[in-house]
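# Fold and geometry: a report
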Amino acid sequence: MGMWSIGAGALGAAALALLLANTDVFLSKPQKAALEYLEDIDLKTLEKEPRTFKAKELWEKNGAVIMAVRRPGCFLCREEAADLSSLKPKLDELGVPLYAVVKEHVRTEVKDFQPYFKGEIFLDEKKRFYGPQRRKMMFMGFIRLGVWYNFFRAWNGGFSGNLEGEGFILGGVFVVGPGKQGILLEHREKEFGDKVNPLSVLEAARKIKPQTSTSEKK
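Here's what I pulled together on the structure shown here. Everything quoted here is computed from the prediction, not taken from an experiment. (Residues numbered from 1 in each chain as written. Predicted model: local features only at pLDDT ≥ 70, side-chain atom pairs only at ≥ 80, totals over all residues. Heavy atoms only, no water.)

### Things to note about the overall build of the protein chain
A count of helices and strands for the protein chain gives eight helices and seven strands. By the burial criterion, 43% of the 218 residues in the protein chain qualify as buried. A separation threshold of at least 6 residues defines the contact pool for the protein chain, and within that pool the share at least 24 residues apart is 72%. Taken as a whole, the protein chain presents about 12,000 Å² of accessible surface, with 57% of it coming from carbon and sulfur. (Helix = DSSP H or I, 4+ residues; strand = E, 2+ residues; numbered from the N terminus. Buried < 20%, exposed > 50% of the residue type's maximum accessible area, 1.4 Å probe, protein only. Contact = heavy atoms within 4.5 Å. Areas by Shrake-Rupley, 256 points an atom, 1.4 Å probe, with all protein chains shown as cover.)

Next comes the structure, spelled out in structure tokens:
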């Protein structure tokens, strides 16, 4: 009888843990990024002789859509990159560029990611696009039903990947207006494969008001 009680207790504890892992109780809450925070981020080009510049250069004239990639080799990230890239013709019509930032440059990972992403990619060595408060999803992610749904969705879509690089720090997508128009959309990945809605990105991009030069004002 004692062994049955212990077994039932262990089973109940495991069921409770599984239940809680599939709620948002233990998920770290994202902290919204201020425009000033994003503007001051240092980015690097991925050329042989990299140039360091402030992130505000990406959007100060025409605004921008920016993907903070969790891991270029991740097939879920490649799926989201392909979704965003499907918007490229419409973004081009609006005059809004599409960019991505990665937190590390491992072997050929960025090069292998580029077939899925139709925009320029830059390096954020200090991982500031993943802040102000960096959030991680560790092995708990692999017992979340939502994550497994995302896995099957991407697999069924024909996406594949590898295990190269850091993949626990969660990414996101931003739509930023030019000048001081501000952040028009901020999507923070809640769990692995929690991708942004492309229609929301396009809706935010349509709100972008191009900067008027001083000569045009006159």
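Structure shown, so let's carry the discussion forward.
### A few points about unusual backbone geometry
Between Gly131 and Pro132 the backbone carries a cis peptide bond, its omega angle lying at 10 degrees. You can see Pro132 is positioned in the loop between β5 (120-123) and α6 (145-156). Phi at Lys127 takes a positive value of approximately 60 degrees, unusual for a residue other than glycine. Mapped onto the secondary structure, Lys127 falls in the loop between β5 and α6.

### Side note on the side chain of Glu191
Assignment of secondary structure puts Glu191 in the loop between β7 (183-188) and α7 (198-205). Classification of Glu191 by relative accessible area gives buried; the value is 8%. Beyond its immediate chain neighbours, meaning those up to four positions away, Glu191 contacts Met137, Arg144, Gly146, Val147, Asn150 and Leu170.

### Topic: the side chain of Arg78
Along the chain, Arg78 falls in helix α3 (residues 75-85). Not counting chain neighbours up to four residues away, the residues in contact with Arg78 comprise Pro72, Gly73, Asp112, Phe113, Tyr116, Phe159, Ser160, Gly161 and Asn162.

### Some details on a nonpolar patch on the surface
On the surface, Met138, Phe139, Phe142, Trp148, Phe152 and Trp155 cluster together into a nonpolar patch covering about 630 Å² of accessible area. Looking at where Phe152 falls in the secondary structure, it is placed in helix α6. Among the residues examined, Phe152 registers a relative accessible area of 46% and is labelled partly exposed. (Patch = residues over 30% accessible without salt bridge, like charges linked within 9 Å, V, L, I, M, F, W, Y side chains within 5 Å. Salt bridge = Lys/Arg side-chain N within 4 Å of Asp/Glu carboxyl O.)

### Overview of the nonpolar core
If you look at the biggest cluster of nonpolar residues, it comprises 36 residues, and the most contacted ones within it are Val65, Met67, Leu84, Leu91, Phe117 and Val201. When residues of this core are traced back to their parent elements, those giving at least two are β3 (64-68), α3, β4 (98-102), α5 (109-113), β5, α6, β6 (172-176) and α7. Among the elements that line this core, the one with the most residues is α3, at five residues. When near neighbours in sequence (up to four residues on either side) are disregarded, Leu91 contacts Val65, Val96, Leu98, Leu202 and Ala205. (Core = buried A, V, L, I, M, F, W, Y, C linked by side-chain atoms within 4.5 Å.)

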